[in-house]
Amino acid sequence: MDDDFGDESSTIIEEDYYTFLNVPKNATTEQINTAYRHLSRIYHPDKHVADVRKKIEAEALFNRLKTAYEVLSDPHKRAIYDSLGVRGLETDGWELTLRQKTPAEIREEYERLEKEREARALQQKTNPRGNVTVMINATEILSPYYDEFDEKIIPSVEVSGISMTQSIDAPLTLRDTVTLSGSLSSQKGIGNGAFTVSGRRLLNKGWVAVDLTAGNGPAVGVKGSRTLSQKVFANFGGSLNLRSNVLVPAFMSSLACQLSKHTVGYLTYNIGGSARSMSTVVEQNTEKHQFQLTLLVGIPHCYVSAAYTRKLLEQELKLRVATKVGTFGVLAEYGAEKKISKYSSVVATVSVGVPTGVTLKIKYIRSTQTFIFPIHLSEEIIPAAVFYATVTPLCIFFVVKKLVIEPLNDEKRQKKIEKAKEVNRERMAAKKKEAESSIDLMSATFARIREDESKTKGLIIDVATYGKADSTDEERFDVTIPLQCLVRNSQLNLHATPKSELPGFYDPCVGEDKTLRVQFTYREKNHSMEINDKEPLQLPGKKNQHKFNEKGKQNKNIFLIVLQDCSESKVKNGFIKL
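Rules of the game
Counting restarts for each chain, with residues numbered from 1 along the sequence as it is written. Reporting of local features is limited, given that this is a predicted model, to residues whose pLDDT is at least 70; pairs of side-chain atoms are given and counted only at 80 or more, and all residues count toward the totals for whole chains, interfaces and linings. Calculation of side-chain values draws on the structure's entire complement of heavy atoms; hydrogens and water are dropped beforehand. Segments assigned H or I by DSSP are reported as helices when at least four residues long, segments assigned E as strands when at least two residues long, and all are numbered from the N terminus. Given the number of residues in a helix, its expected span is that number minus one, multiplied by 1.5 Å. Only protein chains enter the accessibility calculation, which uses a 1.4 Å probe. A residue is then buried if its area is under 20% of the maximum for its type, exposed if over 50%, and partly exposed in between. In what follows, a contact means two residues having at least one pair of non-hydrogen atoms within 4.5 Å. Helix axes are fitted only over the stretch in contact, all axes being lines through C-alpha atoms; the angle between N-to-C directions runs from 0 to 180 degrees. Should an angle lie under 35 degrees it is considered roughly parallel, over 145 roughly antiparallel, and from 65 to 115 roughly perpendicular; all remaining angles are considered oblique. Polarity classes work like this: nonpolar for Ala, Val, Leu, Ile, Met, Phe, Trp, Tyr, Cys and Pro, charged for Asp, Glu, Lys and Arg, and polar for all others, with Gly in that last group. The rule for a salt bridge is simple: a side-chain nitrogen of Lys or Arg has to be within 4 Å of a carboxyl oxygen of Asp or Glu. Pairing between strands is defined by DSSP: at least two bridges between the two strands are required.

(A) Local environment of helix α9 (residues 425-441). In this model α9 runs 24 Å from its N-terminal to its C-terminal C-alpha over 17 residues, within 8% of the 24 Å that 1.5 Å per residue would give. All buried positions along α9 are accounted for by R427, M428, K431, A435, S437, S438, I439 and L441. Residues of α9 that are buried in the fold lie against α3 (29-43), α4 (52-73), α10 (443-455), β19 (477-478) and α11 (480-485).

(B) A look at the packing of α3 against α4. Where α3 meets α4, the closest approach of the two axes is 10 Å, and the angle between their N-to-C directions is 170°. Compared by their axis directions, α3 and α4 come out roughly antiparallel. Counted together, I32, N33, Y36, L39, S40 and Y43 of α3 and A58, L61, F62, L65, K66, Y69 and L72 of α4 form the full contact between these two elements. Grouping the constituent residues of the contact of α3 with α4 by class yields 10 nonpolar, two polar and one charged.

(C) Focus on the pattern of salt bridges. The tally for this structure, following the rule as stated, stands at 18 salt bridges. Linking K415 and E411 is a salt bridge whose minimum nitrogen-to-oxygen distance equals 3.6 Å. Of this pair, K415 and E411 are both found in helix α8 (residues 383-423), four residues apart, which corresponds to roughly one turn of the helix. Given a relative accessible area of 42%, E411 falls into the partly exposed group.

(D) Geometry of the pairing of strand β14 (residues 329-339). As judged from the 10 bridges shared by strand β13 (residues 317-326) and β14, these two strands associate in the antiparallel manner. When the bridges of β14 are listed, L319 appears paired with A336. Where β13 folds back onto β14 in an antiparallel hairpin, the turn is made up of two residues. Across 10 bridges, the pairing between β14 and strand β15 (residues 344-354) is antiparallel. Within β15, the residue paired with V330 across the bridge is V354. Between β14 and β15, which pair antiparallel in sequence order, lie four residues.

Structure representation (structure tokens):
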């Protein structure tokens, strides 16, 4: 599962200028100017001329504030920062200091990045693709056989067939690519294989390829694609295969048309040997749904099919149902695809049909490699076969997830946390010192804002702590002063970003889950709450404008914590208790 976790470069924490100014990512120029002026009153060196130590600390923080303001107020620099971060600005000559590195560390990082670039370049050039299918016959398990003495024979599970395909690309020029591919298959003791060399050339409005195949007789083919207009394109292909001294021709043509923003229609004609067909396909694909309707008329079979897929993006899950009715019989399918890591997913599909019976298909997809295991459970539609085909994959998945996937992910996540702590150790020590200096400089502003809020019975931050989610307040960082200093006109607004980059904050536990706990007084009523690190916060807010899921975390699209006129109300771990 290592594809879920970044390398060392991804664990280095960079400056977040938006959070430091406490403005949203889409902040206007006016918002940025207002935030800059507000913090300038705290950090400007001229405000601390009476104390030499404070003046030096203020100069460092004011320089950081100026850097953030200069970047975000300049559209060009802001665009670079939004796309590439601080390192993107460095390429244009900006001297923005990150974590200091020794020559050995710089050399080590360079070598690591060079190896990654080489591996990535090789992957992109060769584009390896593979497919392994293992067909399993398990019909005897649910339909046992008896011998001539009516004694039950122990059921057997056998591999009825296996097939493998593999291909790699070999780019010759920017336009020309050679693809080498091979396939092997064996079923019921009969095997065959093929090897294909394909040359492909990109054209102005499409591409054309020539295939040479050796296997079940030599074959030569031509295929290509052509864009006819902005919404219409065509595919074509033809081949000649020499079998038993007889040339067997095959031809395919397809016309596709963009019917709407999310809908495409296909018209395809196929002819090969004694088989020929014409099909029409209409496919609609949106962010959350996919629907496909197919009508095929041909020899030897005709059929109509429909398939619907529901995409649950937050759960990284796809649910699919399909049905097919034709001259071959009737078939119904249902299944699910679950993403288990960044590049891996598993698919389970149950097929129920006449005369095919019940089949469970397990598919594991790892990057460009696919492993398929069709398990034939019964020749007829048996309720027990349908039940086991449905329940067994679910049970296996949850057991494997609990015993294998989650422990591996937890272990690798812990390693990533330790790595992040090590990589950012020096920076976090500097950030802690900076936060302490910032809080020291805020004392006058804190007293003034607190006095103003007391006079108007406005928003007063009594106690605020920031740190590891499950720790006690004694183990967390006190942020009462910086949080009060962010209050303006009895309003506190924090955006959906990690709070560690706010003025007066730092990250006391790099890589671990953090929360912000706040006890405050508003209109002489006491309140307390706790939010996750990346959740936004608005105090006071409007009633009943928050939603939480059963685990206590807010729904992805609604992050408004709201507490107003709720005497002694409490929010902890996402739940409100009145």
